[in-house]
Amino acid sequence: MEEVGTGLLDRLDAMQRVAASAPGGPLLIVAGPGTGKTRTLTHRIAYLCAELNVFPEQCLAITFTRRAAEELRHRLDGLLGPVAEDVTVGTFHSLGLSILRENAEAAGLPADFRIADDADRSAARTEAGDDAARYTALLRKQDLVDLDELLTLPVALLRADKKLVREYRDRWRWIFVDEYQDVDAVQYELLRLLSPADGNLCAIGDPDQAIYSFRGADVGYFLRFSQDFTDARLVRLNRNYRSSAPILAAAVQAIAPSSLVRGRRLDPARLDPEAPLVGRYPAASVSEEADFVVRTIDELVGGLSHRSLDSGRIDGRSTSLSFSDIAVLYRTDQQAAPIVDALARANIPVQKRSHDRLRDRPGVAAIARELRHADGVDGPLAARVRLAGQAVAERFAVPTLDGAGLVRPEDVRSAVDLLTPLARRCGDDLELFLAQLATGAEVDALDPRAEAVTLLTLHAAKGLEFPVVFLVGAEDGLLPLRWPGSEPADEAVAEERRLFFVGLTRAQDRLYVSHAARRVRHGAERECRPSPFLDVIDPGLFERFGDAEPRRPRDRQLRLI
Ligand code: ATP
Ligand code: MG
């Protein structure tokens, strides 16, 4: 046993080791981007089980997205072997669902209650009108619960039943929460009910990467952790293993005016003396910006793949750059189109990642319903999804209105493709498959092995890393995002700056920041200034490409936003 434990911690640096091997009690790990949060969290669980005789079934690890939960599970499997299966790993919603399943009767629900899908919801809403109470009653009549209720109902149950609280606290004596800066009020209350104030709650996150306040997250819960939990231990991880020194220096300067971490520090573990500066490209127009991206990708992949044949090294690192090493990040989805077009014209393969939920895709709800109603069919879900798809396709031979919108026959094939990876992961467990769909399983459009440049929004880039990153549209009005005629509040600007910080810190070796001097926004072409977030970065960290000053258009009347 000892050897296993020691070996485990050997793979961590000194502070990661302190965090992973900290004794029980509340523990807050404040850790910047690229400091190895997931590595530390999984090693802590593995260490506790291997060294301190904690039973894996006493551990509950909570993340925010299903993808992150799968990643955590995968890494735990690697560290702990088969017993990792006994650790409960899930999202807040899946945790709420399992508590409700175990206590359906006490919650006034039948054992086989279902989660309302979009079609159920819109039907109930149409019938109930504005009567919020009647809406819930209509769902209940069909044994349905709404998605939000997966959290509010367990909280209500636990609040009313001290014995139940004791039972759960007894079961999960060790709780771990990743990305704690993103908890909202209900999630926080659920945690407080599950963990006593002096419990073994380990929260890990980075307040400077809190970017979800628009959907109710409140970084305040992170900041007051030590008030909420008794004698909380605080560990900081400052050593960044991801980014080159110039990239990291630029990122730290960019976040400084809004940092929520006192004395924010990020020390580069990588000190390549030859590391390139941050590229900055002031483009005259959106198409010029797109051309810059294409040209640079072409040079990097073409040039480096030739060079790598000789030496296999660049900037002191072994390299053979391929399209899959490259990401283009932007603030709003609309910015993708010109980049996609330009890449396509240059025959560069692209994959675009969205934050879409599977259940919002046309045809998915129809297939889910078909699966639910297909009696007596057993066997692997992937095959059942295909069969259900065929049945639905026959019925939807002409475009038909479904709960999720207009469904065309071709949507039902692609829906089968979208559902197949999730179906495979669920084996033959239909309940699990439907629950994952209802609790927001994301479209798995991103294939890390695909030989393609990845395009994604800054929000969707959270937690990821790429050797080469282009951050396009670094303009006032996009970063920070602003509607014409309105000034964002200080707090909104701070959140935009955090988003910018998230973007910069995705890059490992090369980072390019570009901005266009004019862009069509809100239906009109407008003149754009570079993002004010760039002003606080030392110009010495940039290498400028292209024109020193973008050309100003004279022939058109332009409005300034
Ligand atoms: P983010 O806040 O962006 O999600 P993170 O803190 O979760 O970042 P990770 O993605 O876990 O960071 O780690 C960043 C990179 O650093 C990964 O490539 C990881 O393998 C590497 N890394 C982490 N810790 C170490 C270590 N002790 N030694 C070597 N590499 C490490
Ligand atoms: Mg991470």
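Parameters at a glance
Residues numbered from 1 in each chain as written. Chains lettered and ligands numbered in written order. Predicted model: local features only at pLDDT ≥ 70, side-chain atom pairs only at ≥ 80, totals over all residues. Helix = DSSP H or I, 4+ residues; strand = E, 2+ residues; numbered from the N terminus. Contact = placed C-beta atoms within 7 Å. Near = placed C-beta within 6 Å. Nonpolar A, V, L, I, M, F, W, Y, C, P; charged D, E, K, R; others polar. Pairing = 2+ DSSP bridges. Axes fitted to C-alpha atoms, helices over the stretch in contact; angles between N-to-C directions. Core = buried A, V, L, I, M, F, W, Y, C linked by C-beta atoms within 7 Å. Buried ≥ 20, exposed ≤ 12 C-beta atoms within 10 Å, placed from the backbone. Expected span 1.5 Å × (residues − 1). UniProt positions renumbered as here; feature names shortened; annotations may be inferred.

Identification of the protein as DNA 3'-5' helicase from Micromonospora inositola is taken from an unreviewed UniProt entry.

S.K.: How would you summarise the overall build of the protein if you had to cite specific residues and measurements?
M.R.: The secondary structure content of the protein amounts to 20 helices and 24 strands. Pairs at least 24 residues apart make up 80% of the contacts formed inside the protein by residues separated by at least 6 positions.

S.K.: Got a sec to walk through the site of ligand 1? Specific residues and values, please.
M.R.: In the vicinity of ligand 1 lie 18 residues, with Pro33, Gly36, Lys37, Tyr241 and Gly463 positioned nearest. A breakdown of the residues in the shell around ligand 1 according to their chemical character gives four nonpolar, eight polar and six charged.

S.K.: Report on the sheet that holds strand S14 (residues 326-330), specifying residues and quantitative values.
M.R.: Spatially, the seven strands line up as an open sheet ordered S15-S18-S14-S19-S20-S11-S23, and their pairing is parallel. Only two strands of the sheet have a single partner each, and these edge strands are strand S15 (350-353) and strand S23 (542-544). Adjacent strand axes in the sheet meet at a mean angle of 25 degrees, parallel and antiparallel pairs treated alike. Where strand S19 (residues 466-471) lies against strand S20 (residues 507-516), five bridges are found, and the strand directions are parallel. Residue pairing for S20: phenylalanine 466 is matched across the bridge by alanine 507. Packing against the sheet, helix H15 (residues 336-345) makes contact with S14, S15 and strand S18 (453-457), and its axis sits at approximately 165 degrees to S15.

S.K.: Provide a residue-level description of the nonpolar core, including the pertinent values.
M.R.: Of all hydrophobic cores here, the largest spans 147 residues; its most connected members are Ile45, Val328, Leu329, Ile367, Leu419 and Leu504. Setting aside its immediate chain neighbours within four residues, leucine 504 contacts Ile247, Ala250, Ala251, Ala254, Leu471 and Leu511.

S.K.: Please set out the sheet that holds strand S2 (residues 59-63) residue by residue, giving values where relevant.
M.R.: Strand order in the open sheet formed by six strands is S3-S2-S6-S7-S1-S8, with parallel pairing between adjacent strands. For this open sheet the edge positions go to strand S3 (88-91) and strand S8 (233-237), each flanked by a neighbour on one side alone. Put simply, the sheet's adjacent strands are angled 15 degrees from each other on average, direction ignored. Across four bridges, the pairing between S2 and strand S6 (residues 174-177) is parallel. Each residue of the ladder has a partner; that of isoleucine 62, found in S6, is valine 177. The strands touched by helix H5 (residues 92-102) are S2 and S3; relative to S3, the strand with the most contacts, the crossing angle is about 115 degrees.

S.K.: Outline helix H20 (residues 490-504), listing residues and values.
M.R.: Its 15 residues place the ends of H20 21 Å apart at the C-alpha level, agreeing with the 21 Å of an ideal helix rising 1.5 Å per residue. Across the 15 residues that make up H20, a large majority, 11, are buried. Burial in H20 covers these residues: Ala494, Glu495, Glu496, Arg497, Arg498, Leu499, Phe500, Phe501, Val502, Gly503 and Leu504. Close packing links the buried residues of H20 with helix H13 (245-255), S14, S19 and S20.

S.K.: Kindly report on the UniProt feature "binding site: ATP" (unreviewed entry) in the protein, identifying the contributing residues and their values.
M.R.: Residues annotated by UniProt as "binding site: ATP" (unreviewed entry) correspond here to Ala31, Gly32, Pro33, Gly34, Thr35, Gly36, Lys37 and Thr38. Examined against the element boundaries, glycine 36 turns out to sit in the loop between strand S1 (27-31) and helix H3 (37-51). Ignoring any residue separated from it by four or fewer positions in sequence, one finds glycine 36 in contact with Gln16, Leu237 and Tyr241. Here lysine 37 lies in helix H3. Residue lysine 37 is classed as buried on the basis of its 21 C-beta neighbours within 10 Å.

S.K.: How would you summarise the pairing of strand S11 (residues 278-283) if you had to cite specific residues and measurements?
M.R.: Most of S11 sits out of view: five of its six residues are buried. Bridge count between S11 and S23: three bridges; the pairing is parallel. Residue pairing across strands places valine 278 opposite phenylalanine 542, the latter belonging to S23. Two strands pair when backbone bridges link them, and S11 and S20 are joined in this way by five bridges, in the parallel orientation. Counted as the bridge partner of proline 282 is histidine 515 from S20.

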